[in-house]
Protein chains: 2
Amino acid sequence: MSAPTVSAPETAATPEAAGPDVIREGAFGNARALVCRECGSEVALGPQYACMECFGPLEVAYDFPTDLTREQIESGPANIWRYKALLPVPTDIETSPNTEPGFTRLLKADNLAAELGLSNLWVKDDSTNPTNSFKDRVVACALSAAREFHSKVFACPSTGNLANAVAAAGARAGMKTVVFIPSNLEHPKQVNSAVYTESLVAVDGNYDDVNRLASEIAGEEDGWAFVNVNVRPFYAEGSKTLGYEIAEQLGWRLPDQVVIPVASGSQLTKVDKAFQELIALGLVEDKPYKVFGAQATGCSPVSVAYKSGTDVVRPVKPDTIAKSLAIGNPADAPYVLDVCRRTGGAVEDVTDDEIRAGILLLARNEGIFTETAGGTTTAVLKKLVETGQLDTSLDTVIINTGMGLKTLDAISGQVGPAATIDPSYAAFAATGIA
Amino acid sequence: MSAPTVSAPETAATPEAAGPDVIREGAFGNARALVCRECGSEVALGPQYACMECFGPLEVAYDFPTDLTREQIESGPANIWRYKALLPVPTDIETSPNTEPGFTRLLKADNLAAELGLSNLWVKDDSTNPTNSFKDRVVACALSAAREFHSKVFACPSTGNLANAVAAAGARAGMKTVVFIPSNLEHPKQVNSAVYTESLVAVDGNYDDVNRLASEIAGEEDGWAFVNVNVRPFYAEGSKTLGYEIAEQLGWRLPDQVVIPVASGSQLTKVDKAFQELIALGLVEDKPYKVFGAQATGCSPVSVAYKSGTDVVRPVKPDTIAKSLAIGNPADAPYVLDVCRRTGGAVEDVTDDEIRAGILLLARNEGIFTETAGGTTTAVLKKLVETGQLDTSLDTVIINTGMGLKTLDAISGQVGPAATIDPSYAAFAATGIA
């Protein structure tokens, strides 16, 4: 996909009217350029993800308005577009069909706090997003970029949550979607994406094979927007909205401690970026906060590096029930280590048994049914308390990134009826449940 | 459960402090009494559901403030409690742990509208509620009532969505929950409730047997709040919030036409009640609107009665994939017929094949994966257009009450990969998908 040129201000007001290869004025809001996280080189906003100078990852940089107020944000819609001034999207983003994700619940979790011995705990619950994971946030930003780049196809390689989010968002936007999955994926997970798209492609191979194929297609075909490949810089910015929402929903203040699951590591770094932006813009008071990363022991390259006190992250072959966290070679691992060390946090990992127990801990105490990733985060919270790495007197937030119906198998052997009875009061009374 | 007495204004400010059998002042907000829908008799607010005079169903009546403004509502939280002044809940309801349901997306559905030939269509999407169905709304109101009545146990008979919502809300509120299900319920559905509660009780019998047992226990045991039995009048009011939200999200105006699924029929009558209240309070302009009911042909007692032009609803034995609509003897059927006839709407029904097609129609056009109930509503919308019963030039809203992962079996045979390929670009190019 070649980089389109940016149009002059007087050109058309919609991406369609701008014509192919012309990016309309304001297509990316207050975003200024793509900047390399390694060498700092800047390039124009376009469908690129790697620095031409040093091959480092590109990230969106902004010229933010200095007069943005809390009231302006609060008067926006109850979804991520209330923060559109801080995202690489046009000012009319609400008028383009999208899934309208975000502004999910921040629940005060007093029962779980009491169980673990914490003073104040909140759960940011992203399981109630349109396709039930935080992926709807990032995909909505990728969709906007694909639209502004006049992409013909909206696509991704995935094994689960991302496939659902891409297929749903593309359907709603009226864009052709093609979603690539490993052919041995369980049938229910295939159905959960195939319901939205006619072009689900099963690939004989593992996720790495699927991913490689996606990169190959992105190189060969014109006009394909792979959300997590060639429009990744725009996509990744969507995770910042988790940070904005946590701060706004706490009453425009930062938490003292936040625990975030780590797959590629992008989400954790973007929540930190969001907090820094809110401080810089004067929307929250500057104060210290600690960022903690959560991994499954069966795929814990970042946790291992953190504990070894090294910057070198050794790739692993994942072996855990937390499939949505099973990235053996996380792209943002070095940046995760930076954030956790800079803020005084940590990275910790838990076993599959602890993950299963974490799912039940959250469900039984707070009525939130999370997937294995959320079980990981909850279990890591518990472990951080037990090992004294987390200060129980400080205000703490954990992020639940997805919902339990998608990983039902993980706990289906653990729970069930307390009793099976005849339909009579006598039979019920005999159970002792009353 | 005997009716507690209402306390004098000077008594305690929380239900706990008020002590057993004393209802605190303001426990039910602006609610005045329970009134019989048949004979109009009024009784004091209490855990009752049938009129002592004529056995008719009791409904909550209010003394609403006349000065409630749109701005007051808009400044409330992004959940159903923004409408607390219109619900039987205390003014401090946000401070009691609850699942914080509601204020779900109202999506403009231009793709589906174009497909069906409608000018303007919206989908009110309740699949993004905390446990992924509209039941979280009604259960949140039942929970408040149970709390104010000092109930010890929060319970329900259910086969699905209601069980999830009750078990989750009870866990979060720190109340003991007991959920009764038929023992032949599929294991995944059992897990989806058992994850939240230690007291899932499987009953050897069908749903009617489970329901009868619940009524028996409600009579025998003190302090049990069965959400859909003895606190039903309070529970049912929660559905009004769907109507309030539709009007607010349309910019404080009523739609011209609304299509609502019919199980017990309660939701449809409560949306109409909400519209009437908004008109009476001057929060929306008074204008005509038509209410349409949607049933599955395999359980269509209300549709059959509507088409026969009679008030007599004959109970049926349900046989449909739309299990959450499969109530053969709907309690609110006469009131559904009243509303649909009074407003110039209709009740229509569709086959299981049409329901499956309806699920795909909504997913492929708008990126919303609905359960069989939403497939029914979408398919009925299509049929109402095709039969000329719905005016395609008018503004129309359909309600999606739940999410597709809960009824995956209904369509798992219908969708899947378009192709299965080797992990190479050549193999992909050969599919012709690009």
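The rules behind these values
In this convention, every chain numbers its residues from 1, walking through the sequence in written order. Here the convention is simple: chains get letters from A, ligands get numbers from 1, in the order in which they are written. Local features in this predicted model are restricted to residues of pLDDT 70 or higher, and side-chain atom pairs are both shown and tallied only at a pLDDT of 80 or more, whereas totals for entire chains, interfaces and linings draw on every residue. Side-chain measures here rest on the full set of heavy atoms in the structure, leaving out hydrogens and waters. Secondary structure elements follow DSSP: runs of H or I no shorter than four residues count as helices, runs of E no shorter than two count as strands, and numbering proceeds from the N terminus. Expected helix span is computed as 1.5 Å times (number of residues minus one). Buried residues are those whose accessible area, probed at 1.4 Å on protein chains only, stays under 20% of the maximum for their type, while exposed residues exceed 50% and partly exposed ones sit between those limits. Contacts are assigned to residue pairs that have any heavy atoms within 4.5 Å of one another. Buried area: the accessible surface (1.4 Å probe) lost by two parts on joining, summed over both. Counted as salt bridges are all cases of a side-chain nitrogen of Lys or Arg within 4 Å of a carboxyl oxygen of Asp or Glu. Classification used: nonpolar for Ala, Val, Leu, Ile, Met, Phe, Trp, Tyr, Cys and Pro, charged for Asp, Glu, Lys and Arg, polar for all others including Gly. Paired strands are those between which DSSP finds at least two bridges. Ring geometry is summarised as follows: Phe, Tyr and Trp rings, the Trp one being its six-membered ring, pair when their centres sit within 6.5 Å, and such pairs are stacked at plane angles under 30 degrees, edge-to-face over 60 and tilted between the two. Here, a charge over a ring means that NZ of Lys or CZ of Arg falls within 6 Å of the ring centre while also lying within 35 degrees of the ring normal. We place the copies in one frame by least squares, fitting the C-alpha atoms of every residue whose pLDDT is at least 70 in both. If the strands point away from the viewer and the path from the first strand over the helix to the second runs clockwise, then the crossover is right-handed. Every axis corresponds to a line fitted to the C-alpha atoms, with the helix fit spanning only the stretch in contact, and the corresponding angles, defined between N-to-C directions, vary from 0 to 180 degrees. Here, a disulfide means two cysteine sulfur atoms that sit within 2.5 Å of each other. What marks off one domain from the next here is an automatic or database domain assignment. In the analysis that follows, any N or O atom pair within 3.5 Å is treated as a polar contact, provided that within protein one partner can donate a hydrogen and the other can accept it, and provided that, for residues neighboring in sequence, both atoms belong to side chains. The predictor rates its confidence in each residue with pLDDT, a number between 0 and 100.

**Comments concerning helix H4 (residues 135-148) of chain B**
Residues and elements named next belong to chain B.
Then, in step 1: Spanning 14 residues, H4 covers 20 Å between terminal C-alpha atoms, matching the ideal 20 Å at 1.5 Å per step.
Then, in step 2: With 13 of 14 residues buried, H4 lies mostly within the body of the structure.
Then, in step 3: A positive phi of about 60° marks His-150, the residue just after H4.

**What to know about the interface of chain A and chain B**
When the parts come together, some accessible area is lost, and that loss is often what is quoted as the size of the interface.
Then, in step 1: Residue-level contacts link 75 residues of chain A with 75 residues of chain B.
Then, in step 2: Between chain A and chain B, a total of about 6100 Å² is buried, with carbon and sulfur atoms accounting for 62% of that surface.
Then, in step 3: Here chain A and chain B share four salt bridges between them.
Then, in step 4: The partner of Glu366(A) in a salt bridge is Arg172(B), and the shortest N-O contact between them spans 2.5 Å.
Then, in step 5: Here the side of chain A that touches chain B is built from residues that sort into 41 nonpolar, 19 polar and 15 charged.
Then, in step 6: Two elements, strand E16 (residues 419-421) of chain A and strand E10 (residues 200-203) of chain B, share three bridges in a ladder whose sense is parallel. By the bridge assignment for E10(B), Ile421(A) is matched with Val203(B).

**Here's the deal with the packing of aromatic side chains**
Then, in step 1: Overall, the coordinates contain 24 aromatic pairs over all chains when judged by the stated rule.
Then, in step 2: Judged by centre distance (5.3 Å) and plane angle (65°), the rings of Phe180(A) and Phe428(B) are edge-to-face. One end of the pair, Phe180(A), is in strand E9 (residues 176-182); the other, Phe428(B), is in helix H16 (residues 425-431), on a second chain. One exposure class covers both Phe180(A) and Phe428(B), and it is buried.
Then, in step 3: An aromatic cluster of three or more residues is present, and its members are Phe180(A), Trp224(A), Phe226(A) and Phe428(B).
Then, in step 4: Here Arg37(A) stacks its cationic end above the ring of Tyr335(A), 4.1 Å away from the centre of that ring.

**Focus: the relation of the copies chain A and chain B**
Then, in step 1: Rotating chain A by 180° and moving it 0.0 Å along the rotation axis overlays it on chain B with an RMSD of 0.0 Å. As the rotation angle and translation indicate, the two copies are arranged about a two-fold axis. Of the C-alpha atoms belonging to chain A, the one lying closest to the rotation axis is found on Thr128(A), 2.5 Å away.
Then, in step 2: Mapped onto chain B, 100% of the interface residues of chain A are again interface residues, and the two copies thus contact each other with one and the same surface.

**Re the sheet that holds strand E5 (residues 58-62) of chain B**
Residues and elements named next belong to chain B.
Then, in step 1: Across the sheet, which stays open at both edges, the three strands sit in the order E4-E3-E5 with antiparallel pairing between neighbours. Strand pairing shows two members of the sheet lacking a second neighbour, strand E4 (42-43) and E5, which therefore form its edges.
Then, in step 2: Pairing of strand E3 (residues 31-36) with E4, which is carried by two bridges, proceeds in the antiparallel orientation. Bridge pairing links Leu-34 to Val-43 in E4.

**Let's talk about unusual backbone geometry**
Then, in step 1: Backbone geometry places Phe103(A), a non-glycine residue, at a positive phi of 50°.
Then, in step 2: Along the chain, Phe103(A) falls in the loop between helix H2 (70-74) and strand E6 (106-108).

**With respect to the pairing of strand E13 (residues 290-296) of chain A**
Residue and element names in this part refer to chain A.
Then, in step 1: Burial runs high along E13: six of the seven residues are buried.
Then, in step 2: The pairing of strand E12 (residues 257-261) with E13 spans five bridges and is parallel. In the sheet register, Ile-260 faces E13, and the bridge partner there is Gly-293.
Then, in step 3: With helix H10 (residues 266-280) bridging E12 and its parallel neighbour E13, the resulting β-α-β unit is right-handed.
Then, in step 4: Pairing analysis gives five bridges linking E13 to strand E14 (residues 346-350), with the strands arranged parallel. For Gln-295, the partnering residue across the bridge sits in E14 and is Asp-349.

**Structural notes on the pattern of salt bridges**
Residues and elements named next belong to chain A.
Then, in step 1: For the coordinates displayed, the defined rule picks out 66 salt bridges over all chains.
Then, in step 2: Its salt-bridge partner being Lys-307, residue Asp-349 comes within 3.0 Å of it at the nearest N-O pair. Taken together, the residues span a long stretch of sequence, with Asp-349 in strand E14 and Lys-307 in helix H11 (residues 301-308) at a distance of 42 residues.
Then, in step 3: You can call Asp-349 buried: its relative accessible area is 8%.

**Here's the deal with the sheet that holds strand E11 (residues 224-226) of chain A**
Then, in step 1: Read from one edge of the open sheet, five strands run E11(A)-E8(A)-E9(A)-E10(A)-E16(B), paired in parallel fashion. The open sheet has two free edges, formed respectively by E11 of chain A together with strand E16 (419-421) of chain B, since each of these has just one partner strand. On average, adjacent strands in this sheet sit at an angle of 25° to one another, irrespective of strand direction.
Then, in step 2: Packing against the sheet, helix H5 (residues 161-173) of chain A makes contact with strand E8 (153-157) and E9 of chain A, and its axis sits at approximately 175° to E8(A).

**Considering the state of the cysteines**
Then, in step 1: Scanning the model with the defined rule gives zero disulfides over all chains in all.
Then, in step 2: Considering cysteine sulfurs only, Cys141(A) is the nearest to Cys156(A), which forms no disulfide, with 16 Å between them.

**Some points on the domain arrangement of chain A**
Residues and elements named next belong to chain A.
Then, in step 1: Parsing chain A into structural domains produces domain 1 (5-64 + 135-235) and domain 2 (106-129 + 239-412).
Then, in step 2: Using only C-alpha atoms to locate each centre, domain 1 and domain 2 end up separated by 26 Å.
Then, in step 3: Between domain 1 and domain 2 we count six salt bridges in total.
Then, in step 4: The partner of Glu-245 in a salt bridge is Arg-137, and the shortest N-O contact between them spans 2.8 Å.
Then, in step 5: The tally of links between domain 1 and domain 2 comes to 12 residue pairs in polar contact (both at pLDDT 80 or more).
Then, in step 6: Partitioning the side of domain 1 that touches domain 2 into residue classes produces six nonpolar, three polar and seven charged.

**Some details on the confidence of the model for chain A**
Then, in step 1: On average, residues of chain A carry a pLDDT of 94, and 95% of them reach 70 or more.
Then, in step 2: Predicted confidence for residues 1-12 of chain A stays below pLDDT 50, and this span has 31 contacts to residues more than four positions away or in other chains.

**A closer look at the environment of Phe149(A)**
Then, in step 1: Residue placement: Phe149(A) occurs in the loop between helix H4 (135-148) and E8.
Then, in step 2: The exposure class assigned to Phe149(A) is buried, which follows from its relative accessible area of 2%.

**Overview of the side chain of Lys273(B)**
All names here are of chain B.
Then, in step 1: With respect to the helices and strands, the residue Lys-273 is situated in helix H10 (residues 266-280).
Then, in step 2: At a separation of 3.0 Å, a polar atom in the side chain of Lys-273 contacts the main-chain carbonyl oxygen of Val-60.
Then, in step 3: Excluding residues within four positions of it along the chain, Lys-273 makes contact with Glu-59, Val-60, Tyr-62, Glu-237 and Lys-240.

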